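In case you want the letters, here they are:
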Amino acid sequence: MVTYSCEDENLRIIYSLVEFKSTVNRTVGRKHAGSAPNEALDLQRPRQPDGTANSVRTLAPKWILAIVVTPSLALAAQQPTPRFVAVESQAGLSFVHDHGGTGRFFVWESVGPGVTVLDYDTDGRPDVYAPQGAPLEQGGPKPRPPVNMLFRNLGGRFTAPIELAGYRDRAAAVAGDSGYGMGAAAGDFDGDGHTDLYLTNWGANVLLRNNGDGTFDDVTARTGVGDESWSTAAVWIDIDADADLDLYVTNYLDATLDNHLTCRYGTEAVESYCGPAVFDGVADRLYRNEADGTFADISLAAGIANAEDGKGMAAAAIDEDGDGYIDLYVANDTRANFLYRNNRNGGFEDVGMFSGTSMSGDGRPQAGMGIVWDDLDGDGDPDLTVTNFQDDYNVLYRNEGGFYFDDSAAAGLRGPSLAYVGFGLVGFDPDLDGDRDLFVANGHIYDVREHYDSRLSYAQQNQLFLNGGAGVFVDASEAAGLGHTAPGVSRGAVAADLDGDGDEDLLIANNAGELQLLANGAWAADSVAERRSIHIRLVGRNVVREGYGATVTCRVAGRSSTHRIISGGSFMSQGDPTVLCGLGDALEASVQVRWPRGGQDLVAGIEAGETVVITEGRGVTARRSR
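Note that the coordinates shown come from a computational prediction; the quantities given were computed from them, not determined experimentally.

A few points about the state of the cysteines
- Evaluated as defined, the whole model comprises two disulfides.
- The residue that forms a disulfide with Cys263 is Cys274, at a sulfur-sulfur distance of 2.1 Å. Looking along the S-S bond of the Cys263-Cys274 disulfide, the torsion reads about 105°, which is the right-handed sense. In this pair, Cys263 is assigned in strand β14 (residues 263-265) and Cys274 in the loop between β15 (270-272) and β16 (285-289), connecting sequence segments eleven residues apart. No difference in accessibility class separates Cys263 from Cys274, as the two residues are buried.
- Between Cys554 and Cys581 runs a disulfide, and the two sulfur atoms are separated by 1.8 Å. Linking Cys554 in strand β34 (residues 551-556) with Cys581 in strand β37 (residues 579-584), this pair joins segments that are 27 residues apart in sequence.

With respect to the pattern of salt bridges
- Scanning the model with the defined rule gives 17 salt bridges in all.
- One salt bridge connects Asp188 with Arg545, and the closest N-O pair in it is separated by 3.2 Å. Note that Asp188 is positioned in the loop between β8 (180-187) and β9 (196-202) and Arg545 in the loop between β33 (532-539) and β34, a separation of 357 residues in sequence.
- Between Asp190 and Arg209 there is a salt bridge, with its nearest N and O atoms 2.8 Å apart. On the criterion of sequence distance, the pair formed by Asp190 in the loop between β8 and β9 and Arg209 in strand β10 (residues 206-210) is long-range, its members being 19 residues apart.
- Linked by salt bridges that have partners in common, Asp190, Asp192 and Arg209 make up one network.

Description of the environment of Glu88
- You can see Glu88 is positioned in helix α4 (residues 88-91).
- Classification of Glu88 as buried rests on a relative accessible area of 9%.
- Separated by 427 residues in the primary sequence, Glu88 and Leu515 have C-alpha atoms spaced 7.5 Å apart.
- With residues up to four places along the chain from it excluded, the contact list for Glu88 reads Leu93, Glu514, Leu515, Gln516 and Leu517.

Side note on the nonpolar core
- The biggest cluster of nonpolar side chains holds 36 residues, and the ones touching the most others in it are Tyr198, Trp236, Ile536, Leu538, Val591 and Ile614.
- Looking at this core, the elements with two or more residues in it are β12 (231-237), β13 (246-251), β33, β34, β37, β38 (588-594), β39 (600-607) and β40 (610-615).
- Those residues in contact with Ile536 that sit more than four places away from it in its chain are Thr578, Val579, Val591, Ile606, Val612 and Ile614.
- Trp202, Leu253, Cys263 and Met313 belong to the second largest nonpolar core, which has 29 residues in total.

A word on the sheet that holds strand β35 (residues 559-564)
- Here four strands make up an open sheet; going across it, the order is β35-β34-β38-β39 and the pairing antiparallel. Looking along the sheet, the strands with just one partner apiece sit at the ends: β35 and β39. For this sheet, the mean angle separating the axes of adjacent strands, direction not counted, is 20°.
- One ladder, built from six bridges, connects β34 with β35; its direction is antiparallel. Bridge assignment links Thr551 to a residue of β35, and that residue is Arg564.

Details of the environment of Thr220
- Within the fold, Thr220 resides in helix α6 (residues 220-223).
- On the accessibility criterion, Thr220 (11% relative accessible area) is buried.
- C-alpha of Thr220 to C-alpha of Thr294: the two residues are 74 residues apart in sequence and 9.4 Å apart in space.
- Residues in contact with Thr220, not counting those within four places in the same chain, are Asn205, Val206, Leu207, Val225 and Gly226.
- Within polar-contact distance, the side chain of Thr220 engages the backbone nitrogen of Leu207 at 2.9 Å.

The rules behind the values
Residues numbered from 1 in each chain as written. Predicted model: local features only at pLDDT ≥ 70, side-chain atom pairs only at ≥ 80, totals over all residues. Heavy atoms only, no water. Disulfide = S-S within 2.5 Å. Helix = DSSP H or I, 4+ residues; strand = E, 2+ residues; numbered from the N terminus. Buried < 20%, exposed > 50% of the residue type's maximum accessible area, 1.4 Å probe, protein only. Salt bridge = Lys/Arg side-chain N within 4 Å of Asp/Glu carboxyl O. Contact = heavy atoms within 4.5 Å. Core = buried A, V, L, I, M, F, W, Y, C linked by side-chain atoms within 4.5 Å. Pairing = 2+ DSSP bridges. Axes fitted to C-alpha atoms, helices over the stretch in contact; angles between N-to-C directions. Polar contact = N/O pair within 3.5 Å; in protein donor to acceptor, adjacent residues only side chain to side chain.

Here it is in structure tokens:
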């Protein structure tokens, strides 16, 4: 989270001009190759010996502003825009994050939380898990309500299970944990058909086994996965293709009560949270599932014990290279990001530098926080997007045959992200046109920034970027209604069809704020024709039940969209593994599922409004219509 000062607005004009030129080039059919795009983006300002930025002379005339704005407005006018409305109160999602702030500025207070979607009761509806902070007394977290909360989806309305009868005790009922919560990862580690939860904490992590009757048991000690570091994200991943879930845990900073520091900023020396530079990193962990109810720590043997190189904030897992083995991407704060390619013998090789995904296009480590790893330009291979710090930019690495290049400006993401600190990142299809759009959850880390720099704010507006085709995005935040929601200190974010109406809604976790549910329920343009969708759920037989690593291709009216079943992603969060395919105004679609261990299932004639379950090697095993 190291930043540089950016007082000169002409720098933003230059970024926008590059974005405009790149967009025009893409529109007329040119394609970047080699390092050419990165040369255009090398706009890092010169530095003084003390690290401050030199001033920048005006390098472009003022009329450039008019040129820059025009194409974005034109593109926005051509795209129908979904409108989001805050409905958490009406939906019964009553949750306020408590970071336990003491006025001492413990750095972990400012980082969480994430949010996780899972179907814990196997009724086909996505439920919601919200991690909670805790106050610090007598040297450690003090157990007290409210703890982490699990909300059951009753069909667009939610209730906390403590309100239901028949649970053994309060902690089990809410899958609660009184530790200092960060995030949660959902997966069926024991293969019994019920989704379990792994909780990341500042302090000891927790594994909760789903008993299948609405209760959970704490099996941390028995399984051996109670890492006591400051963990941020976790992903369930089958590293060795044995059809059970192993566990990767990203760890962040060596920040404790004993080595606590505060930092001062600006000419008035205002006290606030320190950034990551003053703390050492902590090695990530990889646990192999031994298939006997226990896990083995194989971090060193697998080559991912990286305390000196990483300060992990988020992780995502897909089969990136199509070899049938799951690969990993880890976003690090002020350190080079990792792209761990699975070497098929239980270990990984970091190919981040070689692949072009470890740093910005001009060769700088960024403050990686949120991840989307999906096909953004419609060419079938997975691209990468990572959120970063204010006065830096959210980066899009476009995939060209396994090699990536920084195409952030051409994609329309560079300029609009400069004023924000991006955390949660969601790739989804809210307008149901068949391509992947992006939602960014923003919020600063330092809660006193506005006191010494009027350009900065702690609470920030979130953003929606609509994909205009081929992975070029336009900022549609205002048209989508995000300007009508109060700015927040947003962290984790995920998308899921929470109300069962066929489109994806948004869940946003806010630091020291309410859990937000933004329903995707209305269109900004009355002339938009009705748009439709189908939902695909996978069940693995020779691979893990969740189908992680599988690829789903939806074919609709002569076009196709490719979706990879991802574990993790966003920021300390996990979304719904259900694939939503937007049909536009088409009435049906065909689907191809390619499974990680080989084999495929082809299903034709899936009608708009249907949810189908495709079981590996058996095709459609269940279906229902809305």
